[in-house]
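Each chain, written out:
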Amino acid sequence: MGEARIILGIDPGLANTGWGVVAQRGQRLSCMAYGCIATSKDVPLAQRLRKIHEQTAAVIARYAPTCVGIETVWFGANAQSAFATGQARGAALVACAEGNLEVGEFSPSQIKLAVAGVGGADKAQVQYMVRHLLALEREPRPDHAADALAAAICFTTHEGFARARA
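These lines cover the structure that appears in this document, whether it is placed above or below.

Thresholds applied
The residue numbering used here restarts from 1 in each chain and proceeds along that chain's sequence as written. Side-chain atom pairs in this predicted model are given and counted only at pLDDT of 80 or more, local residue features only at pLDDT of at least 70, and totals for whole chains, interfaces and linings cover all residues. Side-chain numbers come from the whole structure's heavy atoms, not from hydrogens or water. Helix and strand definitions follow DSSP, with helices as H or I runs of at least four residues and strands as E runs of at least two, each counted in order from the N terminus. Burial status follows relative accessibility: with a 1.4 Å probe on protein chains alone, a residue under 20% of its type maximum counts as buried, one over 50% as exposed, and anything between as partly exposed. Inter-axis angles, ranging from 0 to 180 degrees, are taken between N-to-C directions of lines fitted to C-alpha atoms, where helices are fitted over the stretch in contact. Comment on the angle field: the value is read as roughly parallel under 35 degrees, roughly antiparallel over 145, roughly perpendicular from 65 to 115, and oblique elsewhere. Here a crossing is taken to be left-handed if its near helix is turned anticlockwise relative to the far helix by less than a right angle, and right-handed if that turn runs clockwise. Throughout, a residue-residue contact means that at least one pair of heavy atoms, one from each residue, lies within 4.5 Å. Each residue gets one label: Ala, Val, Leu, Ile, Met, Phe, Trp, Tyr, Cys and Pro are nonpolar, Asp, Glu, Lys and Arg are charged, and the others, such as Gly, are polar. A 1.4 Å probe that fits but cannot get out identifies a cavity on a 1 Å grid over protein atoms alone, an open set with protein on both sides within 12 Å along at least five of seven lines counts as a pocket, and a residue lines either if it has an atom within 4 Å of a point. Grid points are joined across faces, edges and corners, and a volume is the space filled by probe spheres set on the points. Here the expected length of a helix is defined as 1.5 Å per residue gap, with one fewer gap than residues. Arc definition: directions from the helix axis to the C-beta atoms.

1. Brief notes about the overall build of the protein chain
Phase 1 of the analysis: Helix and strand content of the protein chain: five helices and five strands.
Phase 2 of the analysis: Each helix and strand of the protein chain, placed in order from N terminus to C terminus, yields the pattern β-β-β-α-β-α-β-α-α-α.
Phase 3 of the analysis: A principal-axis box enclosing the C-alpha atoms of the protein chain has dimensions of 45 × 35 × 30 Å.
Phase 4 of the analysis: Relative to its full complement of 166 residues, the protein chain shows a buried share of 44%.

2. With respect to the packing of helix 4 (residues 123-133) against helix 5 (residues 143-158)
Phase 1 of the analysis: Viewed as axis vectors pointing N to C, helix 4 and helix 5 meet at an angle of 60°, and their least axial separation amounts to 9 Å. Taken together, the axes of helix 4 and helix 5 are oblique relative to one another. Both helix 4 and helix 5 take part in a crossing whose hand is left-handed. When helix 4 is examined against helix 5, the residues Lys123, Val126, Gln127, Val130 and Leu133 are found in contact with a partner set consisting of Asp143, Ala146, Asp147, Leu149, Ala150 and Ile153.
Phase 2 of the analysis: Across the contact of helix 4 with helix 5, the residue classes break down as seven nonpolar, one polar and three charged.

3. Section: the layout of surface pockets
Left-over empty space is what a probe sized like a water molecule reveals as it rolls over the atoms.
Phase 1 of the analysis: For the largest pocket, the calculated volume is near 600 Å³.
Phase 2 of the analysis: The wall of the largest pocket is formed by 26 residues, among which Asp11, Pro12, Glu71, Thr85 and Lys123 lie closest to the centre.
Phase 3 of the analysis: Take the lining of the largest pocket: its biggest share by element is four residues, from helix 2 (residues 79-98).
Phase 4 of the analysis: Class assignment for the residues of the lining of the largest pocket results in twelve nonpolar, eight polar and six charged.

4. Quick look at the packing of helix 3 (residues 108-116) against helix 5
Phase 1 of the analysis: At a minimum axis distance of 8 Å, the contact between helix 3 and helix 5 shows a crossing angle of 80°. In terms of axis orientation, helix 3 runs roughly perpendicular to helix 5. In contact with Gln110, Ile111, Ala114 and Val115 of helix 3, helix 5 contributes Asp147, Ala150, Ala151, Ile153, Cys154, Thr157 and His158.
Phase 2 of the analysis: For the contact of helix 3 with helix 5, the residue count by class is seven nonpolar, three polar and one charged.

5. Concerning helix 1 (residues 45-63)
Along an α-helix, residues three or four positions apart point the same way, because every turn accommodates 3.6 residues.
Phase 1 of the analysis: Taking 1.5 Å as the rise per residue, helix 1 with 19 residues should run 27 Å; its terminal C-alpha atoms sit 27 Å apart, in good agreement.
Phase 2 of the analysis: Every buried residue of helix 1 is listed here: Arg48, Leu49, Ile52, Thr56, Val59, Ile60 and Tyr63. Along the long axis of helix 1, the arc covered by the buried residues comes to 110°, so they all point the same way. Residues of helix 1 that are exposed and angled more than 90 degrees away from the buried face: Ala46, Ala61 and Arg62.
Phase 3 of the analysis: The secondary structure elements touched by the buried residues of helix 1 are strand 1 (4-11), strand 2 (16-25), strand 3 (28-38) and helix 2.
Phase 4 of the analysis: A positive phi of about 50° marks Ala64, the residue just after helix 1.

Encoded structure:
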């Protein structure tokens, strides 16, 4: 693949939704931008979700990605946390749908495997490999942004296998 494309990565969370934008030309990947949408627990839920939606839409408008890699919700021991993450994920996905982005959904272990070669990689390993793969001067912080960049990288390696389902 020789043509260029821009990929948005999203690591959803109600308190912190990480985002990262990666440009791809063939096998070469480069980081365009990354950041984190933070919401306060002191703000009503609907307003927090609105902020995630609006700021995700602003990133899409600014960088014009054509596709997005987004992390799926992991249901661990804390179901309440998983539901909150799912709501944040939904707010971000609506912005992606409004931008007509192709969506790839990936589990945390798929993302870690794509960037670190190990599905159980820890946060430090993911940050290190994202820095290496994107030739960044330093590891991206906060870790939510690094995870979002990792989701974008994962899209480039799994796009034929993990399409979003209608």
